[in-house]
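Inside the fold
Here is how the chains run, residue by residue.
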Amino acid sequence: MSADHCGARPSRYVAIGVLVLGAAAALLLPDMARTQTASADWEPPLTPYGHPDLQGNWTNQTLTPFERPEGREPVLTWEEVAAIEGGQAETVADRTAPVDPDRALPPGGDHAVCIDGATTCYDEFYREPGDRVAIVNGEPRSSLVTHPPDGRVPELTPEARRRLEEAAEFRSRFGQFDHPELRPLAERCIVSFGSSAGPPMLPNYWYNNSYTIAQNEDYIVIMAEMVHDARIIELRDPPGEPAERRADLRPWFGSSWGYWEDGTLVVETTHLNPEHAFRGVPPSKDRKVVERFTRVDEETILYEFTIDDPGTYTSTWGGQVPFERFDHLLYEYACHEGNYAISNVLSGARYQERTGGDR
């Protein structure tokens, strides 16, 4: 199995039929049931250190796309919400229907069950992209990106385009299977595909969109289920980047520090690794990501992010993602342990070289 197809699956998938029925039933609820927000006198639970308690398991899975589709308003109508969620429920029901265990292998491609190409055949049983539209402040959102106002990532700068062209020219000198370092980071189990661990921490619209948060007086640890990536965030009072951080050390998830601001955890990250691209675009050396975590009710953390990278984007941009409480166990993804693909594809390439086959 390839790196992005391995890992333990939680037991919640056994009851996929319950998921479908629950999603369909949700469409029958009155609009008010979907728009309730925390009462003005609700106070978040506190840790022994007096800070809002963010600990536990959370998920950011959602049907709301990252960028706003053409023709959509920033806020969906409830009729649009019903159509989106109802369509997903029907898709799940159709693609998890029982099949004959003695049937021939599915053909892949555009087969009614297959969803990811001709060489593999995942059905919806193995996915969990979400079954609900993201609701923020009682509003069903049409995109996770909220600024700029069009809900779209800004254009790249000429400098960023030049970096992409230079990287493409360099990689063109090699075959894609010449060396393990030419393979994608997710395939090598270094970081997950998408931006699960971030920053920013975003749904991958596939599976394992869950997180475990632990905290004490001095640190926040956020472990992403996907590839069990973990971010260790130092809390500082007063706020400010630690002076001892070296400019030449650039971890995969950058160097993060945090502080509390009126009940909100604010996390600032710099020194991002230039090889850890976001949506195919590597960061400049000056990128700064600011994240905000706010408990808005017993079941929800509102996650907000802003990306400031004038060397890459023509303007600052960001968005909002609700993290909902996840009352299930999380299991180790074990990416490396199940990652036979990286050795197999490289071995296959060496075989083709020996036999003169196509690369």
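The structure reproduced in this document is the subject of the present report. (Residues numbered from 1 in each chain as written. Predicted model: local features only at pLDDT ≥ 70, side-chain atom pairs only at ≥ 80, totals over all residues. Heavy atoms only, no water.)

Observations concerning the overall build of the protein
A count of helices and strands for the protein gives five helices and twelve strands. Within the protein, the proportion of its 359 residues that are buried is 43%. Looking at the protein alone, contacts between residues at least 24 apart form 65% of all its contacts between residues at least 6 apart. When the accessible area of the protein is evaluated, it comes to approximately 18600 Å², of which 54% is carbon and sulfur surface. (Helix = DSSP H or I, 4+ residues; strand = E, 2+ residues; numbered from the N terminus. Buried < 20%, exposed > 50% of the residue type's maximum accessible area, 1.4 Å probe, protein only. Contact = heavy atoms within 4.5 Å. Areas by Shrake-Rupley, 256 points an atom, 1.4 Å probe, with all protein chains shown as cover.)

Observations concerning the environment of Glu 43
On the secondary structure map, Glu 43 appears in the loop between helix H2 (31-35) and strand S1 (56-59). For Glu 43, a relative accessible area of 61% corresponds to the exposed category. Linking Glu 43 and Arg 295, residues 252 residues apart in sequence, is a C-alpha distance of 8.8 Å.

Some points on helix H5 (residues 341-355)
Compared with the 21 Å implied by 1.5 Å per residue over 15 residues, the 21 Å span of H5 between its first and last C-alpha is a close match. Every buried residue of H5 is accounted for by Ala 341, Ile 342, Leu 346 and Ala 349. Down the axis, H5 shows its buried residues gathered within 125° of arc, on one side only. Along H5, the residues that are exposed and aim more than 90 degrees away from the buried face are Asn 344 and Arg 354. (Expected span 1.5 Å × (residues − 1). Arc of directions from axis to C-beta.)

Things to note about the packing of aromatic side chains
Scanning all chains against the criterion turns up eleven aromatic pairs. Ring geometry for Phe 66 against Trp 317: centres 6.0 Å apart, planes inclined by 80°, an arrangement best described as edge-to-face. Linking Phe 66 in the loop between S1 and helix H3 (78-95) with Trp 317 in strand S12 (residues 317-325), this pair joins segments that are 251 residues apart in sequence. You can call Phe 66 buried: its relative accessible area is 6%. On the accessibility criterion, Trp 317 (0% relative accessible area) is buried. On the basis of an interplanar angle of 65° and a centroid distance of 5.3 Å, the ring pair of Phe 170 and Phe 174 is categorised as edge-to-face. One aromatic cluster in this structure is built from Phe 66, Tyr 211, Phe 278, Phe 293, Tyr 303, Phe 305, Tyr 313, Trp 317 and Phe 323. (Phe/Tyr/Trp six-rings, centres within 6.5 Å; stacked < 30°, edge-to-face > 60°.)

Observations regarding the state of the cysteines
One pass over the full model with this rule turns up one disulfide. For Cys 189, the disulfide goes to Cys 335, at an S-S distance of 2.0 Å. Sign of the S-S torsion, about -70° for the bond between Cys 189 and Cys 335, identifies this disulfide as left-handed. With Cys 189 in the loop between helix H4 (158-171) and strand S5 (210-215) and Cys 335 in the loop between S12 and H5, this pair connects stretches of sequence that are 146 residues apart. (Disulfide = S-S within 2.5 Å.)

Digging into the pairing of strand S7 (residues 230-235)
With burial as the criterion, only one face of S7 is covered, namely that bearing Arg 231, Ile 233 and Leu 235; the residues Ala 230, Ile 232 and Glu 234 on the opposite face remain uncovered. As paired strands, strand S6 (residues 219-224) and S7 are joined by five bridges and run antiparallel to one another. Of the residues in S7, the one forming a bridge with Tyr 219 is Glu 234. Counted along the chain from S6 to the antiparallel partner S7, the turn is five residues long, and its residue Val 227 has a positive phi close to 65°. (Pairing = 2+ DSSP bridges.)

Focus: the nonpolar core
Membership of the largest hydrophobic core comes to 37 residues, with the highest contact counts inside it found for Phe 66, Ile 222, Phe 293, Phe 305, Tyr 313, Trp 317 and Phe 323. Within the residue set of this core, elements represented by two or more residues are S5, S6, S7, strand S9 (264-270), strand S10 (288-297), strand S11 (300-308) and S12. Of all the elements, S11 adds the most residues to this core, at four residues. Those residues within four positions of Phe 323 in sequence are excluded, and the remaining contacts are Trp 58, Thr 59, Asn 60, Met 201, Tyr 211, Glu 299, Thr 300, Ile 301 and Tyr 303. By size, the runner-up hydrophobic cluster in this structure holds seven residues, among which are Cys 189, Trp 206, Val 227 and Tyr 333. (Core = buried A, V, L, I, M, F, W, Y, C linked by side-chain atoms within 4.5 Å.)

Section: unusual backbone geometry
Leaving glycine out, the prevailing phi sign among residues is negative, and the prevailing peptide bond configuration is trans. Note the cis peptide between His 147 and Pro 148, where omega equals 10°. Relative to the elements of secondary structure, Pro 148 occurs in the loop between strand S4 (145-147) and H4. Even without glycine at this site, Ala 334 takes up a positive phi of about 55°. Along the chain, Ala 334 turns up in the loop between S12 and H5.

Some remarks on the side chain of Asn 209
Mapped onto the fold, Asn 209 is located in the loop between H4 and S5. Residue contacts for Asn 209: discarding those within four places in its chain leaves Trp 58, Thr 59, Asn 60, Gln 61, Glu 128, Pro 203, Asn 204 and Glu 225.

Limitation: the analysis is restricted to geometry and does not speak to function.
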